[in-house]
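Architecture at a glance
What follows is each chain in one-letter form.
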Amino acid sequence: TQVQQAIRLAGFFAAHGVWCVADGEDLIPIYAFEDAAGERKMVRYASERVEDAVAEARTRLSANPDQARHAVLVHDGLLTLPSGRTDSLILSVRDFAGDIALTLAVPYRNAAHPLGFAVHRPKFLDWRGAGEPDYARLGEDFFAGVEEHETGDRVWQAALDDSI
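Quantities reported herein were computed from a predicted structural model and do not represent experimental measurements.

The biggest cluster of nonpolar side chains holds 33 residues, and the ones touching the most others in it are Val72, Leu89, Leu91, Val106, Phe142 and Trp156. The biggest single contributor to this core is helix H1 (residues 2-21), with twelve residues. Among residues more than four places away in sequence, those in contact with Leu89 are Ala14, Gly17, Val18, Val21, Leu27, Val74, His75, Asp76, Leu104, Ala105, Val106 and Tyr108. Formed by eleven residues, the second largest nonpolar core is a distinct cluster that contains Tyr45, Ala53, Ala57 and Ala71.

Okay, here's the thing in structure tokens:
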């Protein structure tokens, strides 16, 4: 289905983001989409202030000027979990055909931490669409997308920490 393709796209670019931050670099916000022909495209949004870059990418996600079937915005952020505030990749995912929007986060431990880089379990934060989502299925599709990104998947698996 379209939402499965959207979440796979998100998984692929989440893996790309994990690969980017694994060595301690800041993630330049990524806007990625699949066009009508099914081709994946990626645009980075660089700005002096990361908030401006994210806002610009978010505007593109809302307007969908590319007539994309699905799109994802990946940016660095902070997430408050029971264990405290943690760095996270925030993913805003859209399935335009199905009029579905979802947000998830991939918490990670920054490479500068004394214990080194770690990736934690993704957290589904928000769902806007018809019906109740099948989170187990969405998780499977997300990780199928992660596995498509060979380098990102290797980095993710090597740094996996399921403790939070």
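There is more to say, and it comes next.
Moving on, we get to the side chain of Glu34. The topology assignment puts Glu34 in strand S1 (residues 30-34). Those residues in contact with Glu34, other than ones at most four positions away along the chain, are Leu9, Glu39, Arg40, Ala68, Arg69 and His70.

Another point: helix H3 (residues 135-148). Since there are 3.6 residues in each turn of an α-helix, residues three or four apart along the chain are aligned in direction. With 14 residues, H3 extends 20 Å between its outermost C-alpha atoms, agreeing within 8% with the 20 Å of an ideal straight helix rising 1.5 Å per residue. For H3, the complete set of buried residues consists of Leu138, Gly139, Asp141, Phe142, Ala144, Gly145 and Val146. Buried residues along H3 sit against H1, strand S4 (84-95), strand S5 (100-109), strand S7 (123-128) and helix H4 (150-159).

The next point concerns the environment of Ala32. Secondary-structure assignment places Ala32 in strand S1. In this structure the C-alpha to C-alpha distance between Ala32 and His70, which are 38 residues apart in sequence, comes to 8.6 Å. Residues contacting Ala32, with those up to four places away along its chain left out, are Leu9, Phe13, Lys41, Met42, His70, Ala71 and Val72.

Procedures and definitions
Residues numbered from 1 in each chain as written. Predicted model: local features only at pLDDT ≥ 70, side-chain atom pairs only at ≥ 80, totals over all residues. Heavy atoms only, no water. Core = buried A, V, L, I, M, F, W, Y, C linked by side-chain atoms within 4.5 Å. Buried < 20%, exposed > 50% of the residue type's maximum accessible area, 1.4 Å probe, protein only. Helix = DSSP H or I, 4+ residues; strand = E, 2+ residues; numbered from the N terminus. Contact = heavy atoms within 4.5 Å. Expected span 1.5 Å × (residues − 1).

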